[in-house]
4 protein chains.
Amino acid sequence: MPTSTTRPLASRRSESSRVAILDAALSLCREKGYAKVSIEAIAARAGVGKQTIYRWWPSKASVVLEALEGVAARVPTADTGDVMADMRARLAQVIELYADERFGPHLGALIGEAQHDPALRADLLERYLRPRRADALQRLQLAREEGQLPGTVNLDDLADVIFGAVYHRLLLRNGPLDKAYAHFVIDTVLASCVTRPRRPRTRTTSRTGRPAATR
Amino acid sequence: MPTSTTRPLASRRSESSRVAILDAALSLCREKGYAKVSIEAIAARAGVGKQTIYRWWPSKASVVLEALEGVAARVPTADTGDVMADMRARLAQVIELYADERFGPHLGALIGEAQHDPALRADLLERYLRPRRADALQRLQLAREEGQLPGTVNLDDLADVIFGAVYHRLLLRNGPLDKAYAHFVIDTVLASCVTRPRRPRTRTTSRTGRPAATR
Amino acid sequence: MPTSTTRPLASRRSESSRVAILDAALSLCREKGYAKVSIEAIAARAGVGKQTIYRWWPSKASVVLEALEGVAARVPTADTGDVMADMRARLAQVIELYADERFGPHLGALIGEAQHDPALRADLLERYLRPRRADALQRLQLAREEGQLPGTVNLDDLADVIFGAVYHRLLLRNGPLDKAYAHFVIDTVLASCVTRPRRPRTRTTSRTGRPAATR
Amino acid sequence: MPTSTTRPLASRRSESSRVAILDAALSLCREKGYAKVSIEAIAARAGVGKQTIYRWWPSKASVVLEALEGVAARVPTADTGDVMADMRARLAQVIELYADERFGPHLGALIGEAQHDPALRADLLERYLRPRRADALQRLQLAREEGQLPGTVNLDDLADVIFGAVYHRLLLRNGPLDKAYAHFVIDTVLASCVTRPRRPRTRTTSRTGRPAATR
DNA sequence: GAATAACCGAGACGGTACGTCGCGTCTTACG
DNA sequence: CGTAAGACGCGACGTACCGTCTCGGTTATTC
């Protein structure tokens, strides 16, 4: 236990204001769209001074990012032993979230904003995209350990191809973003790599989906 | 035909102003980045009244889009008979353009702006992304006609997976955008589809295709 | 005739906005007092953008100064031949204006503001105080020319003593600012200087109150 | 008696904070001018919490007023028997203080602030202006008692005329504020009143300068 | 000599207004 | 009529301070 039994001490930040700001940001985004939301409006709706926002966040985008973080439930990490099926299921869930009008457009706007805000891009990658990517990566690594994927394939690149397909449809809207597309992506991208579709019988896995013996 | 078909030929529009505006827009983008360029600044640098911009373009993004059009040369559409090799080459060229500091970031910014500007999104798709995609699609269709790709595969989805991989790296910067990535993408995505790597000897190509020999 | 027959050319300034701003400034001053008036409030009441105020005036004080200028009627320049009586009458009129709740406090506030705004002080002196002082000075000079005041007295200093007495009561409110005070000031300050109370019989004056022969 | 009578002796108020605040206020005034000094800046420079200032003073002006009190030495009250000479000397000393760049401008600023702060005006009059005026008034009263001034003259008004002349030059800067002006003011204003320049031989005065018999 | 309460520093808070920027529209004079 | 120029109403920016309000920490009585 790193801290003493008393409160953290090191911050008199108001939790109620923080929550009010995130709520206001999210509701305004949903009402008027990210681009038409101003920090002034967020502050006004949250019943908060503008300075309180500027004190804790560097930009409107950063506020919305944090608000979106609270919304996005972590995709459950299915692990049935069949890497193709698992990835299909996971990608379908990601797509379901991104296709949601209450979420996808705002994420798109943040990516748009990140084009001229390197700090936001870093934040977005670190706090949003990489964690989700990491879940997928983990499943792919497991598959590789189990011999379902050849050791030669670059899993980072592989993950980018998979997610790239999704973000393309999110950002450009050039075609439907649905479960069928998820299946297509996995079938197309993974099929060429997967050498053996299913986990070998001899392995046993722990509850967490990670091979018990390897840890 | 000196002017494009989108502007009426009988217009009394000043060509010198149009060029000055596009030049100013591009140079300002390169100096300060798309986001920090304002219509006021473009007008000032171009020595033009603001109204002259508003008269002919709906938004800053539209001006920049037109300016970028002048920059982007059309990728030569290689056709060697080997669909994998051809696609690798084409994608490598697209990537080369997008990795160019004088082009990629501005395209990224336009895609960002398109997130809250449906008209821009349509324009961007129509004038920019789809033409490039169409080149690729055409080559894939040719390959299908030649039996190198099964008739069941959805080529639209396939193209989106391929381009999605590229835009992902352009927009998120999560990994290098280079020729190696182009190769990886094609190898991974196409490999699972391609049934026969090379054009059959017995085939002759239609006149719509671009057989290497006809040029 | 310095300019051509067409309009001044050299200003597209909106007269209606100018008037609206001055009106708004004055009415707000009267409602809430100078100190509680903000440029934002003036702009809002005038139905004008803030920039329009900042474009033409350097500060709130400058706006109010111009507004007050429109209010202050020039004191009629009595000239009866009796310098003491004339000055008493003039000073009484100045005092009447300054004792007016709709005027005096705002002038006081401007003098207050001028304490940390040299440009305003210069403006205030040039456009407000000196013109009024000049009227008094002129009458005193006339009296001197007519031999009612000795040539040795410094009329500038004399005027400052007279006006100083008034501004003291305006700014410090240490005693009533009324006609009796005006009389007292003139009686006390001028009495010691005036050698002969009335204009000599032999002189004739023009309608303007200036001795005809001296010009 | 270490503390003033205005603060309760039993107070646990920190004297060191009080001094630090007054020092900070004064030095900031001299560096940036009264108007650009904020309570925040005073607190920061004094190494003091803002609340400590708000607890003991009602406004920035009040702090500065107290700080200035420490600077202004009381003018010695000359009494030579010659009321004109005495007043000249006293006024010259007042003027010397007000002409001091380290004092006059701040006093001017306080008078300016007092235009919209009645409490400050009262405080300023009570603690600053009236004490000085009282010194002069006392000397004039003595002169009247000694028959040098007629009983009919309103000494309050007379004092305001004299001081008004000084404040006019302090606040409006319309002419030099120097010893010559002091002499001119007294010569002009008092000359008309004084019936006999010097104290009659038959009177005796106590060493305090006040007529022994009247107390 | 511990309890306790006033005062302290620090600084976050809800606000108001600042002065600036850029928007998209409108007006004017010129070619 | 299209143009260069730029004023206009407007909205938002990010900053500065306002005066209030907790927070612990310190200090000087009071029990």
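This brings us to the interface of chain B and chain A. In this assembly, 38 residues from chain B lie in contact with 39 residues from chain A. Carbon and sulfur atoms make up 64% of the area that chain B and chain A hide from each other, which totals about 3,100 Å². Inspection of the region where chain B meets chain A yields four salt bridges. One salt bridge in this structure joins Arg 169 of chain A and Asp 160 of chain B, with 2.7 Å as the shortest N-O distance. Our count for the contact surface shared by chain B and chain A stands at 11 residue pairs in polar contact (both at pLDDT 80 or more). Broken down by secondary-structure element, the contributors of at least two residues to the side of chain B that touches chain A are helix 6 (104-114), helix 7 (118-145), helix 8 (155-172) and helix 9 (179-191) of chain B. Ranked by residues supplied to the side of chain B that touches chain A, first place goes to helix 8 of chain B with 14 residues.

This structure, assessed with the given rule, holds 13 aromatic pairs over all chains. One aromatic cluster is present, formed by Tyr 98, Phe 103, Tyr 128, Phe 163 and Tyr 167 of chain A through successive ring pairs. Directly above the aromatic system of Trp 57 of chain B lies the positively charged group of Arg 13 of chain B, at a separation of 4.8 Å from the ring centroid. The ring centre of Tyr 34 of chain C lies 4.1 Å from the NZ or CZ of Lys 60 of chain C, which sits over that ring.

Assigned domains within chain A: domain 1 (9-56) and domain 2 (74-206). When each unit is reduced to the centre of its C-alpha atoms, the spacing between domain 1 of chain A and domain 2 of chain A is 31 Å.

Glancing now at the protein's contact with DNA strand F. As a matter of local geometry, DNA strand F sits amid 38 residues, with Lys 50 and Tyr 54 of chain A, Ser 14 of chain B together with Lys 50 and Gln 51 of chain D nearest to it. By atom count, sugar and phosphate contribute 64% of the portion of DNA strand F lying within 4 Å of the protein. Within the contact set of DNA strand F, a phosphate oxygen lies 3.3 Å away from a backbone nitrogen or oxygen of Gly 49 of chain B. Here a phosphate oxygen of DNA strand F and a side-chain polar atom of Tyr 54 of chain D are 2.9 Å apart. Of all the secondary structure elements, the ones that give two or more residues to the surface near DNA strand F are helix 2 (39-46) and helix 3 (50-56) of chain A, helix 3 (50-56) of chain B, helix 3 (50-56) of chain C together with helix 2 (39-46) and helix 3 (50-56) of chain D. Of the residues forming the surface near DNA strand F, the biggest block, five residues, is contributed by helix 3 of chain C. Grouping the constituent residues of the surface near DNA strand F by class yields nine nonpolar, 15 polar and 14 charged.

What follows covers the relation of the copies chain D and chain C. Structural alignment of chain D on chain C gives an RMSD of 0.3 Å, achieved by rotating through 179° and translating 0.2 Å along the axis. Given the turn and translation reported, the copies of this chain are related as if by a two-fold rotation axis. No C-alpha of chain D approaches the rotation axis more nearly than that of Gly 112 of chain D, which lies at 1.7 Å. Mapped onto chain C, 100% of the interface residues of chain D are again interface residues, and the two copies thus contact each other with one and the same surface.

What surrounds DNA strand E is a group of 36 residues, the closest being Trp 56 of chain A, Lys 50 and Gln 51 of chain B together with Lys 50 and Tyr 54 of chain C. Sugar and phosphate atoms constitute 64% of the interface atoms of DNA strand E, taking the interface as everything within 4 Å of the protein. Here Tyr 54 of chain C contributes a side-chain N or O atom positioned 2.5 Å from a phosphate oxygen of DNA strand E. A distance of 2.8 Å separates a phosphate oxygen of DNA strand E from a polar side-chain atom of Thr 52 of chain D. At the level of secondary structure, the elements contributing two or more residues to the surface near DNA strand E comprise helix 3 of chain A, helix 2 (39-46) and helix 3 of chain B, helix 2 (39-46) and helix 3 of chain C together with helix 3 of chain D. For the surface near DNA strand E, the residue count by class is eight nonpolar, 14 polar and 14 charged.

About the thresholds
- Residues numbered from 1 in each chain as written.
- Chains lettered and ligands numbered in written order.
- Predicted model: local features only at pLDDT ≥ 70, side-chain atom pairs only at ≥ 80, totals over all residues.
- Heavy atoms only, no water.
- Contact = heavy atoms within 4.5 Å.
- Buried area = accessible area lost by both parts, 1.4 Å probe.
- Salt bridge = Lys/Arg side-chain N within 4 Å of Asp/Glu carboxyl O.
- Polar contact = N/O pair within 3.5 Å; in protein donor to acceptor, adjacent residues only side chain to side chain.
- Helix = DSSP H or I, 4+ residues; strand = E, 2+ residues; numbered from the N terminus.
- Phe/Tyr/Trp six-rings, centres within 6.5 Å; stacked < 30°, edge-to-face > 60°.
- Lys NZ or Arg CZ within 6 Å of the ring centre and 35° of its normal.
- Domains from an automatic or database assignment.
- Near = heavy atom within 4 Å.
- Nonpolar A, V, L, I, M, F, W, Y, C, P; charged D, E, K, R; others polar.
- Least-squares fit on C-alpha atoms with pLDDT ≥ 70 in both.

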